[in-house]
2 protein chains.
Amino acid sequence: MRSGRIGIGLELDAVHLKILQVLRENGRISVAALAERVGISRANAYTRFEALRADGAIKRFTAEIDHVRAGLGITALIFVTVRQQMWKQFRAELARMPEVEYCAITTGQHDAMIQVRVSDVAEVHTLVTDRLAGIPAVKATETVFILDEVLKRPYVLPSDGPRPQRRQAPDPSPAEVPLGKMRFVGAAEGRAALRKE
Amino acid sequence: MRSGRIGIGLELDAVHLKILQVLRENGRISVAALAERVGISRANAYTRFEALRADGAIKRFTAEIDHVRAGLGITALIFVTVRQQMWKQFRAELARMPEVEYCAITTGQHDAMIQVRVSDVAEVHTLVTDRLAGIPAVKATETVFILDEVLKRPYVLPSDGPRPQRRQAPDPSPAEVPLGKMRFVGAAEGRAALRKE
DNA sequence: GTTGAAATTAGTACGAA
DNA sequence: TTCGTACTAATTTCAAC
């Protein structure tokens, strides 16, 4: 049942998820050892491993590198407001900036968030004023520095432990939760369908 | 020269960086194949590979998983304002939330940014109002959704291509760069030393 | 989906340059 | 340090159950 590339492709069962769970913690484990840890035969492990890879559930294997040791101790987030209908150009420019590790299009007052890693704070300034500001697609930016990366999980999976669903019966004496302080920010006006522009 | 764990430990040369470059694109490559691609002997590759691992330059190997295929198609960023001197509690609570993939402490108007992956938008709401709002350390939150992840590099390295330094001689006719629109946001008041509280 | 054996490949331990 | 080789151990493939 791999006619094209449409649909769900592979239905992930509990065993698949367990394989992913092991693999994301130790991407270099041998399939034999993987089989043992998951509790299946080696042949089965090979079959499922290959299926996960072919299906795209596993996109790639990678080494997590200590950027500080690698000489890139400064991490910053740059929130970018992009001029409408210039997304293509913006994406193209991003691809040419090696210090950009991550870029996501978001709802809210900004249009995109990019994460960069450089060796010192001055480089962030150079990057934003000389490179980003020079892109016509960039209307405005807002930069914050990352002081500490508290938590970084390789990848979140549905099987990752208790996922408390919506509270069925609220506490008899509901805690004084400052709901008014919880804001959800939708997309800015005029940004209905900007994906894959 | 590995007395304790202090100092730079290992001085990374060009070969080390090339090894990291290969490994972050293909974390499961054999050391033999790695040696060939880098252009060194197998013995040397084993030595350096082990040194990078022992030194911590390579933190771990991991599988990149397609979260959509894994059933977690919704990604959101939650910007959190944390009550001073309650960071420890905040961190502890985060560790108990499996849907949190990333958390960084930032400068700017918020104190932390967390990235979560869930299966539907309703879960984000539940997460923020039921779980996050229930943590005393959390003063306020602001949530945005990620519409598309444009770029995701395994890890940025200093050797990743041309890193244009500060422009030596500016263009004769300087482009009309809206510098006034480029904001740098420092830490909020009273947050001098909040790392590792 | 499992087990067990053959073929291949990976990892280790040397001495030499 | 790095390289090359030989040796040992492990993994992957493939077969039959």
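Residues numbered from 1 in each chain as written. Chains lettered and ligands numbered in written order. Predicted model: local features only at pLDDT ≥ 70, side-chain atom pairs only at ≥ 80, totals over all residues. Heavy atoms only, no water.

What to know about the interface of chain B and chain A
Next up, step 1: The interface is formed by 104 residues belonging to chain B together with 103 residues belonging to chain A.
Next up, step 2: In total, chain B and chain A occlude about 9,900 Å² of area from one another, counting both sides; carbon and sulfur atoms represent 55% of this.
Next up, step 3: For chain B, the biggest contributors to the area lost against chain A are Arg28, Arg69 and Tyr155 of chain B; these three give 9% of the whole.
Next up, step 4: There are eight salt bridges connecting chain B and chain A. (Contact = heavy atoms within 4.5 Å. Buried area = accessible area lost by both parts, 1.4 Å probe. Salt bridge = Lys/Arg side-chain N within 4 Å of Asp/Glu carboxyl O.)

A short note on the protein's contact with DNA strand D
Next up, step 1: As a matter of local geometry, DNA strand D sits amid Ser30, Val31, Ala32 and Tyr46 of chain A together with Ile40, Ser41, Arg42, Ala43, Asn44 and Arg48 of chain B.
Next up, step 2: Near the protein, meaning within 4 Å, the atoms of DNA strand D are sugar or phosphate in a fraction of 79%, with bases accounting for the rest.
Next up, step 3: Contact distances for DNA strand D include 2.4 Å between a sugar or linking oxygen and a side-chain N or O atom of Tyr46 of chain A.
Next up, step 4: Secondary structure elements with two or more residues in the surface near DNA strand D: helix H2 (31-38) of chain A together with helix H3 (42-55) of chain B.
Next up, step 5: In terms of residue class, the surface near DNA strand D is built from five nonpolar, three polar and two charged. (Near = heavy atom within 4 Å. Polar contact = N/O pair within 3.5 Å; in protein donor to acceptor, adjacent residues only side chain to side chain. Helix = DSSP H or I, 4+ residues; strand = E, 2+ residues; numbered from the N terminus. Nonpolar A, V, L, I, M, F, W, Y, C, P; charged D, E, K, R; others polar.)

As for the domain arrangement of chain A
Interface size is commonly expressed as the accessible area that is lost once the parts come together.
Next up, step 1: As far as domains go, chain A holds domain 1 (4-55) and domain 2 (74-145).
Next up, step 2: Relative placement of domain 1 of chain A and domain 2 of chain A: their C-alpha centres are 36 Å apart. (Domains from an automatic or database assignment.)

Describing the relation of the copies chain B and chain A
Next up, step 1: For the match of chain B to chain A, the screw axis carries a shift of 0.0 Å, the RMSD comes to 0.1 Å, and the turn is 180°. What the rotation and shift describe, once combined, is the action of a two-fold rotation axis. (Least-squares fit on C-alpha atoms with pLDDT ≥ 70 in both.)

With respect to the UniProt feature "domain: HTH asnC-type" (unreviewed entry) in chain A
Next up, step 1: Per the UniProt entry, the sites bearing "domain: HTH asnC-type" (unreviewed entry) are residues 12-73 of chain A in this numbering.
Next up, step 2: With 55% helix and 13% strand, residues 12-73 of chain A has end C-alpha atoms that lie 38 Å from one another. (UniProt positions renumbered as here; feature names shortened; annotations may be inferred.)

Focus: the protein's contact with DNA strand C
Next up, step 1: In the neighbourhood of DNA strand C, the contacting residues comprise Ser41, Arg42, Ala43 and Asn44 of chain A together with Ser30, Val31, Ala32, Arg42 and Tyr46 of chain B.
Next up, step 2: Side-chain polar atom of Ser41 of chain A to a phosphate oxygen of DNA strand C: 3.0 Å apart, as the coordinates give it.
Next up, step 3: Contact between DNA strand C and Arg42 of chain A: a base nitrogen at 3.1 Å from a side-chain N or O atom of the residue.
Next up, step 4: Looking at the surface near DNA strand C, the elements that each hand over two or more residues are helix H3 (42-55) of chain A together with helix H2 (31-38) and H3 of chain B.
Next up, step 5: Considering every element that reaches the surface near DNA strand C, the biggest residue donor is H3 of chain A, with three residues.
Next up, step 6: Residues of the surface near DNA strand C, tallied by class, amount to four nonpolar, three polar and two charged.

Quick word on the packing of aromatic side chains
Next up, step 1: Going through the model one piece at a time under the given rule, you end up with five aromatic pairs over all chains.
Next up, step 2: When the centroid spacing of 6.0 Å and the interplanar angle of 85° are considered together, the rings of Trp87 of chain B and Phe90 of chain B count as edge-to-face. A residue pair is termed a helical-turn pair when its members lie 3 or 4 positions apart in one helix, as Trp87 of chain B and Phe90 of chain B do in helix H4 (residues 87-95) at three residues.
Next up, step 3: Its relative accessible area of 2% is what places Phe90 of chain B among the buried residues.
Next up, step 4: Note that Arg28 of chain A overlies the ring of Phe61 of chain B, its terminal NZ or CZ placed 5.2 Å from the centroid. (Phe/Tyr/Trp six-rings, centres within 6.5 Å; stacked < 30°, edge-to-face > 60°. Buried < 20%, exposed > 50% of the residue type's maximum accessible area, 1.4 Å probe, protein only. Lys NZ or Arg CZ within 6 Å of the ring centre and 35° of its normal.)

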